[in-house]
Amino acid sequence: MSAYREHVADALASGWRFAGLHATPAHVRTLLAAEDGTTRIVTVPIEDGTVPTIVDLAPAGWDEREAADLYGVRFAGHEPLRPLLDHDAPLDRWTVPVHGHDPYQVAVGPIHAGVIESGHFRFHVVGDRILYVDARLFYKHRGLERAAEGSTLEQGLAFAARACAACAVANGVAYAHACEDALGLEPTDELARARTILLELERVWSHLNDISAVCSGTGLAAGSTRFAALTERARRLNATLTGHRFLFGTIRVAGSALVLDADQVRLARAELASLREEAAVGLRQLLFNASFQDRLPDIGIVTTADAERLGATGPAARASGLALDVRATSPRLAYDTFEPAVLARAAGDVQARVEQRGIELVQSFDVLEVLLGRPLVAADATRSGTESELGVGRVESARGATSCVVERRGDKLERLRLRTGSYANWPVVAHAAIDGLLPDFPLINKSFELCYACVDR
Amino acid sequence: MLTLLRDIRRLRREIALPRPDRIGSLAIRHVDAGSCNGCEHELTLTSGPHVDLARFGLGIVASPRHADVLLVTGAVTTRMREALLAAYNAMPEPRRVAALGDCALGCGVLGSREELAGAVEEILPVDLRIPGCPPTPAAIAEALLMLIDSRPA
């Protein structure tokens, strides 16, 4: 066993978790996160274009495939190393062979039937029964990470934050944390509070939107409309407080310009209290809608063991019984005494993922009520540690743990890697669909409600 | 269920949109050609209760074969160019193309040059431009309603 594999295996055995892997022209770097939130990077040089795989140790399958396609790295032992971003590869190279009695393929996308992001799914089915799904995303690959190289740390923020509107704050904060980690800076309490408020405002609209999406997936127009209305109100509140419905432009490296006076925080608290009440009423009414409730249980199941093995994160992981939430171990943010929300019935199915959003909304409203208890002023970061060329930031987005690694020379970005909650969870969606029915896939997919934009980058 | 419907009635049609001069309908096919998902999120809310585009006869349809308007979001990536052209080629005449959001209009696009195919108007004839990053649901609705008024008689 190589020293690199041994290092990763030992760390995983002593409670560390895999949090991402990326290549540079000369190295492959693996990011590990401990239970208490500390991170470390294991670097291995690329020799003869090759690095040992860790795909048998950790959920690094997509990361290694991406590194192979973008940097030409071969991962010894990762067989077959299927293309992920390379869309020129023939069908039999990127799909998993499925054998049996008359299986056939259903190709869907990249363009879908509604207002949905672009991506391609190849379902291997017998009748309506799904045997396997190959997800081919990256139709929206804009080369954001490569385009960010050479820009200043300040300029680089846009490439991370604007990768995805639904995760703009989470991605922006992860990037800012990574830069501050590299610069030896630490947010002041006020800066931590500003960012935590923004992260939770993002989660509120996002979770409301996701519940609306699941209602759409079951054909319950009344529920979908109700939560769409709440989503609209949450976005309007964002605009009132920050000038932007998706909170664009609110995150900066080493500071925050966001100011909320006494009237604004009072208004925000009142509107959030109203949204909290209406969301609770809406969820209660959904509980008593039998045709809706009948659609949710026992489909798209992800067991606790599978969630662990596949590297699931965020509400999807917690709905499967994994009590993981980066917010519980975020000293750079204002989540004092935060604990992951776990359902009594964490069955890992569509129902659990919907209910998980419900209890997490309550948590977000609780956090916001406290943090918006007094006006917010502009804030900055203070010197706390030594400078380094590598920086790591980890943040819990509405879809799970988002890791950002920044490599710099002076003030210039040499490499940016953004690994979002959606990126970690797409293989989990594909797994959840197995054994389900093809007509259930849209609902299963909506119960995860992952982004394509911040996966494709 | 009835309570849900009652609550929704209260929310409806709160945004004052101009009534088109003429009555008509438009079937819209949306294609995400490489967006950040912001335009999609706002477009989704045009069917929500506040804007409720359906009351003007505007709806999102599943196939370009049923569509009057191709509504394109995002910086067009090289990987989406072919699918975008296929959707356009599948549409019956008369057809219109609307570019939704600043990326689709080629403004301030982020990305590597080799991954981007260019703004929508470099690929398709654009009839309607809807600026914004992203445009609000009301702005999207207002712009689309202009297409009803500007239809050939």
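Bear in mind that the values here come from a model prediction, so they are computed numbers and not experimental data.

Parameters and conventions
- Along each chain, residue indices are assigned from 1 in the same order as the chain's sequence is written.
- Chains carry letters and ligands carry numbers; both start at the beginning, A for chains and 1 for ligands, and go up in the order they are written.
- At least 70 in pLDDT is required for a residue's local features to be given in this predicted model, at least 80 for side-chain atom pairs to be given and counted, and no such filter applies to totals for whole chains, interfaces and linings, which use all residues.
- Helix and strand definitions follow DSSP, with helices as H or I runs of at least four residues and strands as E runs of at least two, each counted in order from the N terminus.
- Radius of gyration: over C-alpha atoms. The globule rule applied is 2.2 Å multiplied by the number of residues raised to the 0.38 power.
- With C-beta atoms placed from the backbone, a residue counts as buried when 20 or more other C-beta atoms lie within 10 Å of its own, as exposed when 12 or fewer do, and as partly exposed for counts between those limits.
- Any pair of residues counts as being in contact when their C-beta atoms, constructed from backbone geometry, are within 7 Å of one another.
- The convention used is that axes are lines fitted to C-alpha atoms, helices contributing only their stretch in contact, and that angles between N-to-C directions extend from 0 to 180 degrees.
- Working definition: roughly parallel below 35 degrees, roughly antiparallel above 145 degrees, roughly perpendicular at 65 to 115 degrees, and oblique for all remaining angles.
- Residues are grouped as follows: Ala, Val, Leu, Ile, Met, Phe, Trp, Tyr, Cys and Pro are nonpolar; Asp, Glu, Lys and Arg are charged; all remaining types, including Gly, are polar.
- These domain limits were set by an automatic method or by a database of domain assignments.
- At least two bridges found by DSSP between two strands is the condition for calling them paired.
- Two helices cross in a left-handed way if the nearer one is turned anticlockwise from the farther one by less than a right angle. They cross in a right-handed way if the turn is clockwise.
- Only buried Ala, Val, Leu, Ile, Met, Phe, Trp, Tyr and Cys residues enter a nonpolar core, and they are joined through C-beta atoms within 7 Å.

1. Things to note about the overall build of chain A
On a plain count of helices and strands, chain A comes out with 16 helices and 14 strands. The C-alpha atoms of chain A give a radius of gyration of 21 Å, which matches the 23 Å a tight globule of 457 residues would have. Oriented by its inertia axes, the alpha-carbon framework of chain A measures out at about 65 × 60 × 40 Å. Taken over 457 residues, chain A has a buried fraction of 55%. Pairs at least 24 residues apart make up 67% of the contacts formed inside chain A by residues separated by at least 6 positions.

2. Here we look at the overall build of chain B
Counting its secondary structure elements, chain B contains four helices and seven strands. Relative to its full complement of 153 residues, chain B shows a buried share of 46%.

3. Some words on the packing of helix 8 (residues 221–242) of chain A against helix 9 (residues 262–287) of chain A
All names here are of chain A. With their axes 11 Å apart at the nearest point, helix 8 and helix 9 run at an angle of 170° to one another. The orientation of helix 8 with respect to helix 9, classified from their angle, is roughly antiparallel. Listed contacts from helix 9 to Gly223, Arg226, Phe227, Leu230, Arg233, Ala234, Leu237 and Leu241 of helix 8 are Gln264, Ala268, Glu271, Leu275, Glu278, Ala279, Gly282 and Leu286. Class assignment of the residues belonging to the contact of helix 8 with helix 9 gives a composition of nine nonpolar, three polar and four charged.

4. Side note on the domain arrangement of chain A
Residues and elements named next belong to chain A. Domains assigned within chain A are domain 1 (1–94) and domain 2 (148–422). Domain 1 puts 13 residues into the contact, and the matching count from domain 2 is 16 residues. Elements with a contribution of two residues or more to the side of domain 1 that touches domain 2: strand 1 (17–23), strand 2 (27–33) and strand 3 (39–45). Per-element accounting of the side of domain 1 that touches domain 2 gives the leading share, four residues, to strand 1. Residues belonging to the side of domain 1 that touches domain 2 are distributed by class as follows: six nonpolar, five polar and two charged.

5. Observations regarding the sheet that holds strand 3 of chain A
Residue and element names in this part refer to chain A. Read from one edge of the open sheet, three strands run 1-2-3, paired in antiparallel fashion. The open sheet terminates on both sides in strands that have one partner only, identified here as strand 1 and strand 3. Looking at each pair of strands side by side, their axes are set apart by 20° on average, direction ignored. As defined by bridge partners, strand 2 adjoins strand 3 across seven bridges and the pair is classed as antiparallel. Within the sheet, the bridge partner assigned to Leu32 lies in strand 3 and is Arg40. Set on the sheet, helix 1 (residues 3–13) makes contact with strand 1, strand 2 and strand 3; between it and strand 3 the angle comes to about 160°.

6. Some thoughts on the interface of chain B and chain A
Taken residue by residue, the interface counts 40 residues in chain B and 38 residues in chain A. Of all the secondary structure elements, the ones that give two or more residues to the side of chain B that touches chain A are helix 1 (2–11), strand 1 (26–32), helix 2 (38–45) and helix 3 (78–89) of chain B.

7. So, the packing of helix 7 (residues 189–218) of chain A against helix 8 of chain A
Residues and elements named next belong to chain A. At a minimum axis separation of 8 Å, helix 7 and helix 8 run at an interaxial angle of 160°. Comparing their axes, helix 8 and helix 7 come out roughly antiparallel. Handedness of the helix 7/helix 8 crossing: left-handed. For the pair helix 7 and helix 8, contact is made by Leu201, Val204, Trp205, Leu208, Asn209, Ile211, Ser212, Cys215 and Ser216 and by Gly223, Ser224, Phe227, Ala228, Leu230, Thr231, Ala234, Arg235 and Asn238, respectively.

8. Section: the pairing of strand 5 (residues 96–100) of chain B
Residue and element names in this part refer to chain B. Summarising burial for strand 5: five of the five residues are buried, a large majority. Burial along strand 5 is two-sided: Arg96, Ala98 and Leu100 facing one way and Val97 and Ala99 facing the other are all buried. Here strand 3 (residues 69–73) pairs with strand 5 via five bridges, running parallel. Bridge pairing in strand 5 places Leu70 opposite Val97. Where strand 5 and strand 7 (residues 128–130) come together, three bridges link them in parallel fashion. Counted as the bridge partner of Ala98 is Leu128 from strand 7.

9. Regarding the nonpolar core
Residues A:Ala160, A:Cys164, B:Val72 and B:Leu100 are the most contacted members of the largest nonpolar core, which totals 184 residues. With 14 residues, the top contributor of residues to this core is helix 7 of chain A. Counting residues domain by domain, this core receives three or more from each of domain 1 (1–94) and domain 2 (148–422) of chain A. Those residues in contact with A:Ala160 that sit more than four places away from it in its chain are A:Asn171, A:Gly172, A:Ala174, A:Tyr175, A:Cys404, A:Leu416 and A:Leu418.

10. Notes on the environment of A:Gly410
On the secondary structure map, A:Gly410 appears in the loop between strand 13 (400–409) and strand 14 (412–419). A:Gly410 sits 227 residues away from A:Leu183 along the chain, and the two C-alpha atoms are 9.5 Å apart.

11. So, helix 2 (residues 61–71) of chain A
Residue and element names in this part refer to chain A. Within helix 2, nine of the eleven residues are buried, which leaves the element mostly enclosed by the surrounding structure. Listed as buried for helix 2 are Gly61, Trp62, Asp63, Glu64, Arg65, Glu66, Ala67, Ala68 and Asp69. Next to the buried residues of helix 2 lie strand 1, strand 2, strand 5 (74–76) and helix 14 (421–433). Looking at the residues trailing helix 2, positive phi occurs at Gly72, about 65°.

12. Structural notes on the sheet that holds strand 1 of chain B
Residues and elements named next belong to chain B. The sheet built from five strands is open, its strands ordered 2-1-3-5-7 with parallel pairing. Every interior strand has two partners, whereas the edge strands, strand 2 (58–60) and strand 7, have only one. Sheet twist, expressed as the mean angle between neighbouring strand axes with direction ignored, is 25°. Pairing between strand 1 and strand 3: five bridges, direction parallel. Bridge assignment links Val31 to a residue of strand 3, and that residue is Val72.

13. Focus: the environment of A:Gln363
Relative to the elements of secondary structure, A:Gln363 occurs in helix 13 (residues 350–371). Considered as a pair, A:Gln363 and A:Arg415 are 52 residues apart in the sequence and their alpha carbons are 35 Å apart.

14. Observations concerning unusual backbone geometry
A:Pro80 follows A:Glu79 through a cis peptide bond whose omega is -10°. Assignment of secondary structure puts A:Pro80 in the loop between strand 5 and helix 3 (91–94). Put simply, B:Glu93 and B:Pro94 share a cis peptide bond, and its omega is -5°. Of note, B:Pro94 is situated in the loop between helix 3 and strand 5. Phi is positive for A:Asp48, close to 50°, though the residue is something other than glycine. By the secondary structure assignment, A:Asp48 is in the loop between strand 3 and strand 4 (50–52). Residue classification places A:Asp48 among the exposed positions, given that 7 C-beta atoms sit within 10 Å. A positive phi angle is found at A:Glu449, which is not glycine, with a value near 45°. Among the structural elements, A:Glu449 can be located in the loop between helix 15 (441–448) and helix 16 (453–456).

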